[in-house]
Each structure stands twice: as C-alpha cells, then as structure tokens.
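The residues making up each chain are set out below.
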Amino acid sequence: MATERTFIAIKPDGVQRGLVGEILGRFERKGFKLVGLKQLTPSRSLVEEHYGVHRERPFFAGLVDFLSSGPVVAMVWEGDGVIASARKLIGATKPLEAEPGTIRGDLAVNIGRNVIHGSDAAETAEFEIGLWFQAAELSSWTPADQGWRTE
Ligand code: DAT
Ligand code: MG
C-alpha cells in the first residue's frame, strides 16, 4: 500500500461542539501522521471551489453558508492507504447510516451537520491539499515511534 496524503477538515459544527481533540485523537491513535494543521474561517469562494462538484445540487448554497460560517480545522494526514482509511474512520455521509465506531456514526445525526470532511480519491486529495495549504505549511518528518507502527 502506497504512502499517500489526504485532506481532512473538521467542519464548523465539530469545532463549535468541542470535538477537535476527539477527532484528532482518532487519526493519531490509528497511526497516521499529521503533516499540516490550521484553523481558519474559509471564504465563500474557497468553499465554492472545494465543493465545486456539488455546485448544481439543491443543498449547495446552504453548504457554502455553513462551511464559511465559522472556524474550520484543516488538516493533512499521511500514511499507507490513508485516503480510503480516513473515509472509513469518518463513516457514511448520512450520520444515521454511518456505522457505530466511525466519527459520524458516533458523533453526528444530521447530514448537514456531519462534522468532518475527507478527500474521496487520490485526485481530489491532491486538489484539496493544494487548495487549502501552501507547500511550506506542510511538514515532512519521521515520528520517533515509526518503527513500532510499520515494518
Ligand atoms: P461526503 O462529505 O461524505 O464526501 P458528499 O461529497 O456527497 O459527502 O457531500 C458533501 C457534503 O455535502 C456532505 O458532507 C454534506 C452535504 N450534503 C450532501 N448531500 C446532502 C443532502 N442531500 N442534503 C444536505 N446536505 C448534503
Ligand atoms: Mg465528498
């Protein structure tokens, strides 16, 4: 499994509800490596680009209002297979259909307040990382316990 990077964002509901530490901890405990982290209130144009694929959907305007309404915690996580694995940790888009044990399954009930975003494929991960982060904001580093997570 190749080492990958993925873009993860805790949405304003997750920040307002005090779930940042809980969510960061799940990715850390899994064994992925944090290579970028910042809190910001994204502009409407940033959110419109980020969710451009959903531009024609009826929920688009509300989604843009919501994401740009308050602080978001934007992150880049690195690891073997992290793109698909993060989607599993996050769970299904509709929180009531997300499995218990997943972030949405454990921490959310409403599709419009589903706490977290994660890139869905290699191409979207690359696009979203470039949209939200400058290259200089990302760290290349080796965790001290690397040899205890992977052969
Ligand atoms: P995901 O976030 O699981 O990748 P998505 O890309 O289909 O899901 O949709 C992006 C976000 O848009 C989703 O997290 C919540 C919102 N959304 C999707 N479908 C919706 C709907 N039918 N009603 C309201 N919000 C919706
Ligand atoms: Mg999506």
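Residues numbered from 1 in each chain as written. Chains lettered and ligands numbered in written order. Predicted model: local features only at pLDDT ≥ 70, side-chain atom pairs only at ≥ 80, totals over all residues. Heavy atoms only, no water.

Another point: the overall build of the protein. Along its length, the protein carries eight helices and four strands. Secondary structure elements of the protein occur, N-terminal to C-terminal, as β-α-α-β-α-α-β-α-α-β-α-α. Scaling as 2.2 N^0.38, a compact globule of 151 residues should have a C-alpha radius of gyration of about 15 Å, and the protein matches this with 15 Å. On the principal axes, the C-alpha backbone points of the protein span a range of 45 × 35 × 25 Å. Among the 151 residues that make up the protein, the fraction classed as buried is 45%. Within the protein, one finds 17 positive and 20 negative side-chain charges whose respective centroids are separated by 4 Å. (Helix = DSSP H or I, 4+ residues; strand = E, 2+ residues; numbered from the N terminus. Rg over C-alpha atoms; globule rule 2.2 N^0.38 Å. Buried < 20%, exposed > 50% of the residue type's maximum accessible area, 1.4 Å probe, protein only. Lys, Arg positive; Asp, Glu negative; His and termini not counted. Charge placed at Lys NZ, Arg CZ, Asp CG, Glu CD.)

Below, the discussion takes up the pattern of salt bridges. All told, the structure shown has seven salt bridges when counted by the stated rule. With a closest N to O distance of 2.7 Å, arginine 5 and glutamate 78 form a salt bridge. Of this pair, arginine 5 sits in strand E1 (residues 3-10) while glutamate 78 sits in strand E3 (residues 72-80), and the two are 73 residues apart along the sequence. Of the residues examined, arginine 5 reaches a relative accessible area of 28% and is grouped as partly exposed. Judged by relative accessible area, which is 15%, glutamate 78 ranks as buried. Taking the shortest distance from any N to any O, the salt bridge between lysine 33 and glutamate 78 comes out at 3.1 Å. Taken as a pair, lysine 33 in strand E2 (residues 33-40) and glutamate 78 in strand E3 lie far apart in primary sequence, 45 residues in all. Among the charged side chains, a network of salt bridges with common partners joins Arg5, Lys33 and Glu78. (Salt bridge = Lys/Arg side-chain N within 4 Å of Asp/Glu carboxyl O.)

The next subject is the UniProt feature "active site" (unreviewed entry) in the protein. Those residues carrying the UniProt feature "active site" (unreviewed entry) are His117 in this numbering. Histidine 117 gets classed as buried once you look at its relative accessible area, which sits at 10%. Those residues in contact with histidine 117, other than ones at most four positions away along the chain, are Phe7, Ile8, Ala9, Lys11, His50, Tyr51, Ile90 and Glu128. (UniProt positions renumbered as here; feature names shortened; annotations may be inferred. Contact = heavy atoms within 4.5 Å.)

The four strands lie next to each other as E2-E3-E1-E4, forming an open sheet whose pairing is antiparallel. Sheet topology places E2 and strand E4 (116-118) at the edges, where each strand pairs with a single neighbour. The sheet shows a mean angle of 20° between the axes of neighbouring strands, taken without regard to direction. Direction of pairing for E1 relative to E3: antiparallel, over a ladder of eight bridges. By the bridge assignment for E3, isoleucine 8 is matched with methionine 75. On top of the sheet, helix H5 (residues 82-90) reaches E1, E3 and E4; it is set at about 35° to E1, its chief contact. (Pairing = 2+ DSSP bridges. Axes fitted to C-alpha atoms, helices over the stretch in contact; angles between N-to-C directions.)

Right, let's talk about unusual backbone geometry for a bit. We note that valine 115 has phi near 75°; this positive angle belongs to a residue other than glycine. Along the polypeptide, valine 115 turns up in the loop between helix H6 (103-107) and E4.

Attention now moves to the nonpolar core. The tendency in soluble globular proteins is for nonpolar side chains to be buried as a group. With 21 residues, the main nonpolar core has Ile8, Ile23, Phe27, Trp77, Ile103 and Ile116 as its most contacted residues. Among the secondary structure elements, those contributing two or more residues to this core are E1, helix H2 (20-30), E3, H5 and H6. With four residues, the top contributor of residues to this core is H5. Not counting the four nearest positions on each side in its chain, isoleucine 23 is found in contact with Ile10, Ile103, Leu107, Val115 and Ile116. (Core = buried A, V, L, I, M, F, W, Y, C linked by side-chain atoms within 4.5 Å.)

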